[in-house]
Amino acid sequence: MAILNEDQLAVQQLVRSFAKKEIAPRAAHYDHSEEFPWDNIKGLAELGLMGMPIPEEYGGAGLDNLSYALAVEEVSKACAATGAIMSIHTSAGILPILLFGNEEQKRKYVPALAQGQKIGAFALTEPNAGSDAGAVSTTAKEDGDSYVINGTKCFISNAGPAETYSVFASTNPGSGVKGITGFIVEKGTPGFSIGKKEEKMGIRASATAELVFDNCRVPKENLLGNIGQGFKIAMVVLDSARIGVGAQAVGIAQAAYEEALAYAKVREQFGKPIAANQAIGFMLADMGIRIEAARQLVHYAANLKDSGAPFGKEAAMCKTFASDMSVQVALDAIQIMGGYGYSREYPVERLLRDAKITQIYEGTNQIQRVVIANYLLSERKG
Ligand code: COS
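Note that the coordinates shown come from a computational prediction; the quantities given were computed from them, not determined experimentally.

Comments concerning the site of the ligand
Surrounding the ligand, one finds 20 residues, the nearest of these being Ser131, Lys178, Asp239, Arg242 and Gly363. Lys178 is positioned such that a nitrogen or oxygen atom in its side chain is 2.8 Å from an oxygen atom of the ligand. Measuring from an oxygen atom of the ligand, one finds a backbone N or O atom of Glu362 at 3.5 Å. Protein contacts shield 69% of the accessible area of the ligand, which totals 1000 Å² for the unbound molecule. Because more than half of its atoms lie within 2 Å of the grid, the ligand is assigned to the largest pocket.

Right, dumping it as structure tokens:
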């Protein structure tokens with residue numbers, strides 16, 4: 001366990017008990033129904049957990065990133081879909097505006113987001129621009145005092161429930177990453193609609209959908225940062241978001257581990273608990289080692305960010321390691337629980353489905369290795 005200070009321990013305890021009491025009991029229901037868990041989000045907002053690392057002057061809780069990572073872990077342990085919504089909202093939903101918006105934009109949008117009155121979303125991915133994020137073909141054309149956006153985004157987390165979207169479009173098609181610009185687009189803007197909602201393997205209660213822009217006119221004051229700065233904004237935000245994904249993965253793995261451990265102690269075969277077999281004991285030991293190692297890497301990246309040091313490389317490392325670990329731990333938990341683990345009556349099959357996305361979103365683990373190698377081989381500091 002990292003050495004946490006009193007405040008961090010208090011946050012961890014508060015979120016752990018809230019998540020256990022209020023969120024975990026409904027996780028299976030939301031997984032089956034795929035309904036957006038508004039009651040969970042409302043509860044998190046009431047506790048000030050929808051804008052934890054956002055400065056108080058912009059309506060956030062002004063907490064450190066380590067406290068935020070602890071909270072995301074606890075919420076994800078109780079319900080991975082809710083953890084994903086909270087984490088994506090806080091990082092990719094709010095940070096583009098907080099870090100790159102002008103003062104007027106920050107005052108206009110951030111407080112409602114940080115207090116959880118509104119949900120935020122981040123729209124970069126397109127059907128032909130996933131790992132190659134610079135290949136966006138959505139365009140934004142200047143027209144008088146506005147920009148007109150045309151194109152389709154896909155796999156956008158929080159799409160639908162979100163009210164505020166950071167959208168990345170090309171203002172200079174043909175000039176690659178240098179032609180991408182960010183815009184703030186509000187729900188309800190004419191020409192902007194939510195397209196097909198994805199039916200997903202895991203984190204099913206989180207909303208993931210297409211965004212369709214059909215001559216969507218956005219005023220110039222909604223331009224985020226400078227013209228052509230959009231790709232950099234997206235990359236900087238994703239660096240931060242990856243710490244949240246690491247924390248989600250640790251929470252999911254911890255849940256699977258606790259299920260398997262409890263089961264192995266009470267399940268008797270050949271006249272003794274299966275945990276008494278070295279084959280099972282060693283599996284549990286390896287699961288425990290991997291979870292703790294991943295957690296420490298998440299905390300390290302969060303600590304670096306809190307200290308103002310470069311953290312992009314470590315954020316990618318913690319996301320990659322924790323997500324691979326989480327899938328393996330969930331698989332091992334199912335193996336220990338045998339037929340019960342495979343049954344939908346028990347949570348571990350859901351946890352495996354939930355864990356899988358952490359290897360994919362906010363940049364696949366293959367891309368994380370590209371990102372890590374780029375940091376190692378270049379002069380750039382994260
Ligand atoms: N911070 C600041 N600037 C960054 C950056 C970062 N983390 N990463 C890249 N940049 C800058 C580079 O410095 C470069 O600018 P200069 O030319 O001024 O130096 C510019 O952005 C382009 O970078 P690069 O040449 O590395 O871009 P590529 O097109 O090769 O793409 C990867 C790089 C693969 C890293 C990028 O496309 C990526 O992260 N893809 C995954 C996208 C993703 O995570 N999607 C999930 C979407 S949200 S669920």
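A word on unusual backbone geometry
For Glu34, which is not glycine, the phi dihedral falls at a positive 60°. If you trace the backbone, Glu34 turns up in the loop between helix H2 (27-33) and helix H3 (38-46). Positive phi, normally seen in glycine, also occurs at Ile203, with a value near 30°. Looking at the element boundaries, Ile203 is found in the loop between strand S6 (192-197) and strand S7 (208-219). Ile203 gets classed as buried once you look at its relative accessible area, which sits at 6%.

Focus on the pattern of salt bridges
Inspection of every chain in the model, using the stated rule, returns 24 salt bridges. In this structure, Arg16 engages Glu74 in a salt bridge whose closest nitrogen and oxygen atoms are separated by 2.9 Å. Of this pair, Arg16 sits in helix H1 (residues 6-23) while Glu74 is found in helix H4 (residues 65-78), placing the two residues 58 residues apart along the sequence. According to the relative accessible area criterion, Arg16 is partly exposed, its value standing at 31%.

Details of empty space enclosed by the protein
With the rule as written, the count across this model stands at two cavities of 30 Å³ or more. Roughly 50 Å³ of internal volume is contained in the largest cavity. Forming the walls of the largest cavity are Ala27, Tyr30, Asp31, Cys79, Ala80, Ala81, Ile203, Arg204, Ala205, Arg350 and Asp354. Of all the secondary-structure elements, those providing two or more residues to the lining of the largest cavity are H2, helix H5 (80-93) and helix H11 (348-356). The greatest single-element share of the lining of the largest cavity, amounting to three residues, is contributed by H2. Residues that form the lining of the largest cavity fall into these classes: seven nonpolar, no polar and four charged. Here the second largest cavity is characterised by a volume of approximately 30 Å³. Residue lining of the second largest cavity: Ala84, Ile85, Ile88, Ser157, Asn158, Ile203, Ser206, Ala207, Thr208 and Tyr361, and that is the complete set. Take the lining of the second largest cavity: its biggest share by element is three residues, from H5. Within the lining of the second largest cavity, the residues separate by chemical class into six nonpolar, four polar and no charged.

Rules and cut-offs
Within each chain, residue numbers correspond to sequence positions counted from 1 in written order. Since the coordinates come from a predicted model, pLDDT governs what is reported: local features require at least 70, and pairs of side-chain atoms require 80 or more to be given and counted, while whole-chain, interface and lining totals use all residues. Calculation of side-chain values draws on the structure's entire complement of heavy atoms; hydrogens and water are dropped beforehand. For each residue, the test is whether any non-hydrogen atom lies within 4 Å of the molecule or strand; if one does, the residue is near. The term polar contact refers here to a pair of N or O atoms within 3.5 Å; inside protein, the definition further demands a hydrogen-donor-capable atom paired with an acceptor-capable atom, and it admits residues adjacent in sequence only when both atoms are side-chain atoms. Accessible areas in this description were obtained via Shrake-Rupley with a 1.4 Å probe; residue shielding takes into account the shown protein chains only. Cavity means a closed set of points on a 1 Å grid over the protein atoms alone, one where a 1.4 Å probe fits but cannot get out, pocket means an open set with protein on both sides within 12 Å along at least 5 of 7 lines, and lining means a residue has an atom within 4 Å of a point. By definition, a pocket or cavity contains a molecule when more than half of the molecule's atoms lie within 2 Å of the pocket's grid points. To qualify as a helix, a DSSP run of H or I must reach at least 4 residues; to qualify as a strand, a run of E must reach at least 2; elements of each kind are numbered from the N terminus. A simple rule labels every residue: compare its accessible area, found with a 1.4 Å probe on the protein chains alone, to the largest value its type can have, and call it buried under 20%, exposed over 50%, or partly exposed in between. Put simply, a salt bridge is a Lys or Arg side-chain nitrogen that is within 4 Å of an Asp or Glu carboxyl oxygen. Grid points are joined across faces, edges and corners, and a volume is the space filled by probe spheres set on the points. Each residue gets one label: Ala, Val, Leu, Ile, Met, Phe, Trp, Tyr, Cys and Pro are nonpolar, Asp, Glu, Lys and Arg are charged, and the others, such as Gly, are polar.

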